Amino acid sequence: MMIEQPAFGRRLRLLRVQRGLSQTELAGDEVSASYVSRVESGRRSPNELIAAFFARRLDVPLDALTNPAAQDEGEHRSRRLDIAGKLLEARALRKDGELTVAAGLLRGIGAAATGHAEEDVLWEATWELADVLRELGDTADEHAVLADLADTALSQETPRLAARVATALSENLRRQGRLGEAVRTAEHAVSVTVALSPTAHERVGAMLALINSYTDSGELENAAGLADTLQETAEDIPSRQLRGQVYWAAGSARFLCGRPEDGVHLHEQAFAWLRPEVNLGAWARLCRASAALRLEYDLSDDATGHAARLLARARQALELVGRDDDMAELMLAEAHLALRQDEPERVLELTTKVCDSGAELPLAGLGQCQLLAARAHALAGNQAAARDSYRLAAETLDRAGAYRKSSEAWRQLSEMLAAGPGDGPAAATD
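Here the structure is a predicted model, which means the values were calculated and not measured. (Residues numbered from 1 in each chain as written. Predicted model: local features only at pLDDT ≥ 70, side-chain atom pairs only at ≥ 80, totals over all residues. Heavy atoms only, no water.)

S.K.: How should I be thinking about the pattern of salt bridges in this particular structure?
M.R.: Any two side chains of opposite charge can pair, so long as their charged atoms come close to each other. All told, the structure shown has 32 salt bridges when counted by the stated rule. Across the pair Glu128 and Arg91 runs a salt bridge, and its minimum N-O distance is 3.2 Å. Of the two residues, Glu128 sits in helix H8 (residues 119-136) while Arg91 sits in helix H6 (residues 70-95), which places them 37 residues apart along the sequence. Its relative accessible area of 9% is what places Glu128 among the buried residues. The shortest N-O distance in the salt bridge between Glu415 and Arg411 comes to 3.1 Å. Residue Glu415 and its partner Arg411 are located together in helix H23 (residues 403-419), separated by 4 residues, close to a single helical turn. We classify Arg411 as partly exposed; its relative accessible area is 43%. Several salt bridges share partner residues, and in doing so they unite Arg91, Arg94, Glu124, Glu128, Asp131, Arg134 and Glu135 into one network. (Salt bridge = Lys/Arg side-chain N within 4 Å of Asp/Glu carboxyl O. Helix = DSSP H or I, 4+ residues; strand = E, 2+ residues; numbered from the N terminus. Buried < 20%, exposed > 50% of the residue type's maximum accessible area, 1.4 Å probe, protein only.)

S.K.: Honestly, the nonpolar core in this entry has me stumped. Any pointers?
M.R.: Grouped burial of nonpolar side chains is what soluble globular proteins tend to show. Formed by 48 residues in total, the largest nonpolar core has its most connected members in Val204, Leu208, Leu210, Ile211, Leu230, Val246 and Leu311. Going through the elements one at a time, helix H12 (179-191), helix H13 (201-216), helix H14 (220-231), helix H15 (240-256), helix H16 (260-273), helix H17 (280-297), helix H18 (303-321) and helix H19 (324-340) are the ones with two or more residues in this core. (Core = buried A, V, L, I, M, F, W, Y, C linked by side-chain atoms within 4.5 Å.)

S.K.: In this structure, what is going on with unusual backbone geometry? I would like to understand it.
M.R.: Residues apart from glycine generally show negative phi values, whereas peptide bonds are mostly found in trans. Omega for the peptide link from Gln5 to Pro6 comes to 10°, which places this bond in the cis form. Positive phi, normally seen in glycine, also occurs at Asp59, with a value near 60°. Among the structural elements, Asp59 can be located in the loop between helix H4 (48-58) and helix H5 (63-66). Notably, Asp342 is not glycine yet its phi reads approximately 55°, a positive angle. Tracing the backbone shows Asp342 in the loop between H19 and helix H20 (344-356). We classify Asp342 as exposed; its relative accessible area is 54%.

Shown next as structure tokens:
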């Protein structure tokens, strides 16, 4: 019996995937998963006994591995081409802004192709679906799709793919306010990339997700330390956009650690790489984020004016390309600006708009909105409304796991209660 490679390996992989088996499950106790991998890639040719063992594990005749029918191969190729064509169509629809239609087409690919098509094409279609759902703001469905993708054999066997999925899951959990889970998932993403180059896209992306999760959960020392490590390799990162995101994260960590001058400098470096003509959305979000951090942590005379200019640019761009959650976060930053400018009515107008907008804000964002409202009420002299808003903000931030911010809200509420009616402190603006 002749066993021809790589045809045998391709057929073995196809039948294994169709039956939902991992390489480890196929190997059993007879061979190793790495041996299965070498056979499937065509780098190793099994003898007749091992080929028969594979056939028994797959519950197929030996001929199904050694002499696959040409017609069967043709049908498989036809299915693969059909999926590839639908994937290209979905991408075109996404580019044209038809996100809901693209999502429906991508869901159809998964439903029709399960157990039949090559897993790599299916993986790509499912990844595309998760990305479209993120753009649609459908956080719950995106999470479900990513969780299913993480369980696929291809994700579990390929560190780069495992890291991409875990990174996306961490960001999804962070948007939901599930910060503890976001940290653990990002730590897993980093752990599976240890063998990759320090500048590999997946490794840098996983570290950025971990920095974001550490920051939101108040683990500022961890965030700053990881940002320092990442910054050391920034200039060697091939992607300019990714390089800009590294400087963005490093600068944000400096702001949060009470070093606004360093934060401003690093954000300026981020602006040098994140150009609006390349990615208008990312540039606008950097404008918004940098402005919000300057307003909260930079007490210099020109911080308010600089933040106002950044927010004007962000609004102009996000009105063109922003999602509902982008606009909600922009209004929160604008509310913070109004607070710095002693305009409590404007703060309350903006925070009310955010609450009424229907945007899917994470719990931490909702808590920040309530905290701004509390400060505005205090500034306007409405102590009863301020106390209620401080308590609501503190409770919301506690539930979100944003303990640094919740502690701040509880402290300000405590000071207000201790001062007594009519003697509450002015709203804190830093």
